[in-house]
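# Descriptive structure summary
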Amino acid sequence: MLVPKFAFRYIFSKKSTNAINVISRVSMLGMAVGAFALIVVLSVFNGFEGLVLSLYNSFYPDIEIIAVKGKTFEDNAELRMKLLAAPGVVALSKVLEENAYFEYGDQAQIGAVKGVDEQYAKVTTANKYVRQGNFVLKDSAYNYAIIGANISQPLNINFDHAVEPLRITVPRNGVKGAIVPSDEFNTMPVVPAGVFSIQQEFDSKYVFVPLSFAQDLLGLGNRVSGYEIKLKSGANIDKAKQEISEIAGSEFRVKNRYEQKAETYRVMLIERWVTTAILAFIILIISFNIIGSLSMLVLEKEKDISILKAMGASTGLIRKIYLMNGMLASIIGAGIGLILGYIVCLLQIKFHFLKLSNGGDSSFVIDYYPVELKLIDPVVTILIIISVSLFAAYFPARKAGDSAMNFK
């Protein structure tokens, strides 16, 4: 207990040289600012990561099954029944996706047409993001299209008074090198019925249509481009993927949600660690104040060092006192920063007072900075602070030990 007592006393005792007091307070303030910035930035990263994942989760299924060779495969009712009987599987949807050219009036846009069956709303939550109209793709009279917001806008579709259909053009299956170029493409009309808005990536690309319409449009008969599967809440995704892979066989590739967008998740993780590393480096620079204040403290307390040495204190004990001094100053500052950071984050979660600059833009899902607090963040912050403090306090502490060795 002797080491903490001396270290704590040296932190708050008044020094004969006012500059030491100032530098000491500045070092504590610097650590507080560093810890505050680290916890706030990591929490905002958590918020954006959670938001992006929730948006991806609304579009990408828990499990996707696609052909190893080719873009499409023949729908197999027996295989689907086996997949639906697999442990953890709740629903299965057949989908057919292809790049397409969209025309409405004298406007045109490039994107992708995605044919889905009646089970699609059970597999994803994309139907909940319909901003205008309803997620109804077919009735007894018409086929309907639900269009991404960033495709609908340039096409100038008026859903309240639609006077003409949306024309969808795709390459004709199995036709190449036709004498008349237009014979290589197939065009079919569909009634625009609504707009969805999930995320710019999806809003700028997709148009949902009935699966049967997409099959007729592409001339693929009963073929599909994939099966999309919904798992029970809390199901072990890796275990379910393995079981589904065994059922599907070697002709199919089975992907979980992360594998469907692996590059995006990898980039998000890299961004998080790079940001953490940059803030840790800033805290390391701030820690040089600790080196300065402790070095000056060692010079001022040479008399105390000599007294401690005369009373039988070892060189190691004296080094520990000054090492603990630097550690305590950093931890106290970091603790203050963490508390303030948590207060700001909690206020943002409740009141959303920090707004996104382009919050009024229709491409944004929210108009404020999302924040999510995770237990791992303060742990990482404290570990960084302790590591940096040990590094910064080591050199002055060693100097104090060297000074103690000079006293007989």
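In what follows, the structure referred to is the one given above.
Now for a quick tour of the structure. For clarity, every value in this text was computed on a predicted model and none was experimentally measured. (Residues numbered from 1 in each chain as written. Predicted model: local features only at pLDDT ≥ 70, side-chain atom pairs only at ≥ 80, totals over all residues. Heavy atoms only, no water.)

### Here's the deal with the packing of aromatic side chains
How we decide: Ring geometry is summarised as follows: Phe, Tyr and Trp rings, the Trp one being its six-membered ring, pair when their centres sit within 6.5 Å, and such pairs are stacked at plane angles under 30 degrees, edge-to-face over 60 and tilted between the two. Helix numbering and strand numbering both begin at the N terminus, where a helix is a DSSP run of H or I of at least 4 residues and a strand a DSSP run of E of at least 2. Exposure categories follow from relative accessible area, calculated using a 1.4 Å probe and restricted to protein chains: below 20% of the type maximum is buried, above 50% is exposed, and the middle band is partly exposed. A positively charged side chain is recorded as over a ring if its NZ (Lys) or CZ (Arg) lies within 6 Å of the ring centre. The angle to the ring normal must also be within 35 degrees.
With the rule as written, the count across this model stands at 16 aromatic pairs. Judged by centre distance (5.2 Å) and plane angle (85°), the ring pair of Phe73 and Tyr227 falls under edge-to-face. Of this pair, Phe73 sits in strand 2 (residues 73-74) while Tyr227 sits in strand 11 (residues 226-231); the two residues are 154 residues apart in sequence, bridging distant segments of the chain. Comparing Phe73 with Tyr227, the two get one shared label, buried. Here the aromatic rings of Tyr258 and Tyr265 are separated by 4.7 Å at their centres, their planes lie at 55°, and the arrangement is tilted. One aromatic cluster is present, built from ring pairs that chain together Tyr56, Phe59, Tyr60, Tyr120, Phe135, Phe196, Phe202, Tyr206, Phe208, Tyr258 and Tyr265. Here the basic side chain of Lys114 rests over the ring of Tyr206, its NZ or CZ set 5.9 Å away from the ring centre.

### Structural notes on the packing of helix 3 (residues 77-84) against helix 8 (residues 237-248)
The test is simple: Here, axes are lines fitted to C-alpha atoms. For helices the fit covers the stretch in contact, and angles between N-to-C directions go from 0 to 180 degrees. When an angle is under 35 degrees it counts as roughly parallel; over 145 it counts as roughly antiparallel; between 65 and 115 it counts as roughly perpendicular; any other value is oblique. For any pair of crossing helices, the crossing counts as left-handed if the nearer helix is rotated counterclockwise from the farther one by less than a right angle, and right-handed if it is rotated clockwise. In this analysis, two residues are considered to be in contact whenever any of their non-hydrogen atoms come within 4.5 Å of each other. Charged means Asp, Glu, Lys or Arg here, nonpolar means Ala, Val, Leu, Ile, Met, Phe, Trp, Tyr, Cys or Pro, and polar covers whatever is left, Gly included.
Where helix 3 meets helix 8, the closest approach of the two axes is 10 Å, and the angle between their N-to-C directions is 155°. As judged from the angle between their axes, helix 3 and helix 8 are roughly antiparallel. Considering only the axes of helix 3 and helix 8, their crossing is right-handed. Across the interface between the two elements, Leu79, Lys82 and Leu83 of helix 3 pack against Ile244, Ile247 and Ala248 of helix 8. Each residue belonging to the contact of helix 3 with helix 8 can be placed in one class, and the counts come to five nonpolar, no polar and one charged.

### Observations regarding the pattern of salt bridges
Oppositely charged side chains may form a pair once their charged atoms are brought near each other. How we decide: Any Lys or Arg side-chain nitrogen located within 4 Å of an Asp or Glu carboxyl oxygen qualifies as a salt bridge.
By the definition in use, this model includes twelve salt bridges. With its nearest N and O atoms 3.3 Å apart, the salt bridge here joins Arg167 to Glu164. Glu164 gets classed as partly exposed once you look at its relative accessible area, which sits at 28%. A salt bridge links Arg272 to Asp377, with the shortest nitrogen-to-oxygen separation between them at 2.7 Å. Remark: Asp377 occurs in helix 14 (residues 376-406) and Arg272 occurs in helix 10 (residues 262-286); sequence separation between them is 105 residues. The buried category is assigned to Arg272, whose relative accessible area is 13%. A cluster of three or more residues bridged by salt bridges with shared partners is formed by Asp75, Arg80 and Lys94.

### Here's the deal with helix 8
Which entries qualify depends on this criterion: A helix is expected to reach a length of 1.5 Å times the quantity of its residues less one. The reported arc concerns the directions from the helix axis to the C-beta atoms and nothing else. Polar contact criterion, stated in full: a pair of N or O atoms within 3.5 Å, where within protein one must be able to donate a hydrogen and the other to accept it, and residues adjacent in sequence count only if both atoms are side-chain atoms.
Spanning twelve residues, helix 8 covers 16 Å between terminal C-alpha atoms, matching the ideal 16 Å at 1.5 Å per step. Along helix 8, the positions that sit buried rather than exposed are Ala240, Lys241, Ile244 and Ala248. End-on, the buried residues of helix 8 take up no more than an arc of 100°, which puts them together on one face. Residues of helix 8 that are exposed and point more than 90 degrees away from the buried face comprise Asp238, Lys239, Gln242 and Glu246. Looking at the buried side of helix 8, the elements it contacts are strand 1 (63-67), helix 3, strand 3 (89-104), strand 11, strand 12 (252-256) and helix 9 (257-260). A distance of 3.2 Å separates the backbone nitrogen of Asp238 from a side-chain oxygen at the start of helix 8, and that oxygen is part of Asn236. Downstream of helix 8 by one or two residues, Gly249 has phi in the positive range, about 90°.

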